[in-house]
Amino acid sequence: MKKFHITLIAFIFVSIVKGYCQHENDSKVILITLDGFRWQELFTGADETLVSNEKYVAQPEHLNKLFWRSSAKERRETLLPFIWNSVSQFGQIHGNRRLNSKMNLTNTHWFSYPGYNEILSGIADDDRINSNDKIPNPNTTVLETVNNTSEYNGHVAAFGSWDVFPYIVNSERSKIPVNAGFDVASGLYLTPNELYLNRIQKNTYCPWSSVRLDVFTHLYALEYMKKEHPNLVYIAFGETDDFAHDGNYEAYLKSAHRTDSFIKELWDFTQNDPFYKDNTTFIITTDHGRGTEPLDTWRSHGRDIKGADEVWLIVFGKHIESLGEVSKSEQIYTNQIAASIAKLLNVQVSKQAQGSAFYFINNP
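The structure reproduced in this document is the subject of the present report. All of these numbers come straight from a predicted model, not from anything done at the bench.

**Quick look at the nonpolar core**
In this structure, I32, L42 and Y249 are the most contacted members of the largest nonpolar core, which totals 103 residues. No other element matches helix α13 (residues 249-270), which puts 10 residues into this core. Those residues within four positions of I32 in sequence are excluded, and the remaining contacts are I235, F237, I263, L266, F282, I283, I284 and T285.

**Observations regarding the side chain of Q40**
Mapped onto the elements, Q40 comes out in helix α2 (residues 39-44). When its relative accessible area of 12% is taken as the criterion, Q40 is described as buried.

**Quick notes on the layout of surface pockets**
In this model, the second largest pocket occupies a volume close to 230 Å³. Considering the residues around the second largest pocket, the lining is formed by R38, Q40, T44, A46, D47, E48, T49, W68, R75, R98, T292 and L295. Residues belonging to the lining of the second largest pocket are distributed by class as follows: three nonpolar, four polar and five charged.

**Details of empty space enclosed by the protein**
Taken as a whole and judged by the stated rule, the model has four cavities of 30 Å³ or more. For the largest cavity, the full set of lining residues is L34, F37, L42, L80, I83, D260, I263, I284, W312 and I314. Tallied by class, residues from the lining of the largest cavity come to nine nonpolar, no polar and one charged.

**Notes on the side chain of D47**
By secondary structure assignment, the location of D47 is in the loop between α2 and α3 (60-67). Under the relative-accessibility criterion, D47 is labelled buried at 19%.

**Describing the sheet that holds strand β6 (residues 232-237)**
With mixed pairing, eight strands are arranged side by side in an open sheet as β5-β4-β6-β1-β7-β8-β2-β9. The strands lining the two open edges of the sheet, one partner per strand, are β5 (178-180) and β9 (324-325). Strand contacts of helix α5 (residues 81-90): β2 (91-94), β8 (313-317) and β9, with the helix running at about 115 degrees to β2, the strand carrying the most contacts. Lying on the sheet, helix α6 (residues 112-121) is in contact with β1 (28-34), β6 and β7 (280-285); it crosses β1 at an angle near 165 degrees.

**Let's talk about the environment of L222**
Position of L222 relative to the elements: it lies in helix α11 (residues 214-228). Sequence separation between L222 and K28 is 194 residues; the distance between their C-alpha atoms is 15 Å. When neighbours within four sequence positions are excluded, L222 is seen to be in contact with E265, L266 and F269.

**A few points about α5**
Counting along an α-helix, one turn takes 3.6 residues, and residues three or four places apart therefore face a common direction. Those residues of α5 not exposed but buried are F82, I83, W84, V87 and S88. All buried residues of α5 lie within an arc of 160 degrees about the axis, which places them on one face of the element. Check the buried side of α5 and you find it contacts α2, α4 (72-79), β2, α13, β8 and β9.

**Description of the environment of P294**
Position of P294 among the secondary structure elements: in the loop between β7 and β8. With 183 residues separating them along the chain, P294 and F111 place their C-alpha atoms 19 Å apart.

**Quick look at unusual backbone geometry**
Cis geometry is adopted by the peptide bond preceding P294, which originates at E293 and carries an omega value of -5 degrees. The backbone of H229 shows a phi angle near 50 degrees, a positive value even though the residue is not glycine. Following the sequence through the fold, H229 ends up in the loop between α11 and β6. Taking relative accessible area as the criterion, H229 reaches 14% and is therefore assigned buried. In this structure, N346 takes a positive phi of about 55 degrees despite not being glycine.

**Thoughts on the packing of aromatic side chains**
With the rule as written, the count across this model stands at 24 aromatic pairs. With a centroid separation of 5.8 Å and 65 degrees between ring planes, the pair formed by F43 and W84 is classed as edge-to-face. Of this pair, F43 sits in helix α2 while W84 sits in helix α5, and the two are 41 residues apart along the sequence. For the residue pair F43 and W84, the accessibility class agrees, reading buried in each case. Considering the side-chain rings of W267 and F316, the 5.2 Å spacing of their centres and the 75 degrees angle between planes classify their relative orientation as edge-to-face.

The rules behind these values
Residues numbered from 1 in each chain as written. Predicted model: local features only at pLDDT ≥ 70, side-chain atom pairs only at ≥ 80, totals over all residues. Heavy atoms only, no water. Core = buried A, V, L, I, M, F, W, Y, C linked by side-chain atoms within 4.5 Å. Buried < 20%, exposed > 50% of the residue type's maximum accessible area, 1.4 Å probe, protein only. Helix = DSSP H or I, 4+ residues; strand = E, 2+ residues; numbered from the N terminus. Contact = heavy atoms within 4.5 Å. 1 Å grid on protein atoms, 1.4 Å probe; cavity = no way out; pocket = protein on both sides within 12 Å on 5 of 7 lines; lining within 4 Å. Points joined across faces, edges and corners; volume = space filled by probe spheres on them. Nonpolar A, V, L, I, M, F, W, Y, C, P; charged D, E, K, R; others polar. Pairing = 2+ DSSP bridges. Axes fitted to C-alpha atoms, helices over the stretch in contact; angles between N-to-C directions. Arc of directions from axis to C-beta. Phe/Tyr/Trp six-rings, centres within 6.5 Å; stacked < 30°, edge-to-face > 60°.

Spelled out as structure tokens, the structure:
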């Protein structure tokens, strides 16, 4: 018992000292991605051509009751209530092509690894990043760039549902902790919640062999943020893409709806934690789009799928002016995200990055 008390006191002391030191850094960034989530659902909610289609929905009546409403405004608010009832009031939402707000990929492959590399490194490396194979990323991500500074070293972390993320982030070279796939929380001082998550993840059925359920990614990230207070966190949700590939539109919509609640929980946490409160910027996007015509192409993406390069962006928090849904003509690109994160944290972007920071990111 005495040994336990000494260990606990040491843990509390280290946490306090670590938290105190981190308060010297004002700016924090939370980057979130929803794999393959279409701009069409973001801006108009449930798709009329899919929500009652028995080929893609096992219980159309049930799904219509949950998410179908007469207007696009009502549908999107029902599907993503936090984004459209809250974020739209204090943040910015880009990519509604019906209002001529456009965001596109610059890589030409239009699938996951190239998309994530572009988001994180600011470069479309079409020659070297041309598959989803588990190959360590040769490019330096903004996560690594930030972690290599004396100010932020050890204060960067990544969490992903897909088991390729340790390679995308190149955790071996970058030394950034990445909890992805079916990884469990590790370390000397695990919280009771982390221990419980480790246990239930191992005993929970998942329909895929390389992608875990997003709730585990979310909760592992949230617990880590509570305990370690990193300045830069990347959280990559994956279910929307995998349910779409499965042709399960019901699960796709429900997953997006759950993710909206995850984002709300993360925002609420940051607004009630002294380390993050009023100092945190959220950046949310996707790695690629999906098809729309022919109808079955909603399940797919890639360079042969029309519209799979069409993406979107949500930003809110510190340094973000409240503009709501952007309705002016604009063209922004995914390769600008890395430079924008670097700007928010006052870090020089990697020399290889091609994109410039977004025009709407205010100077820190």
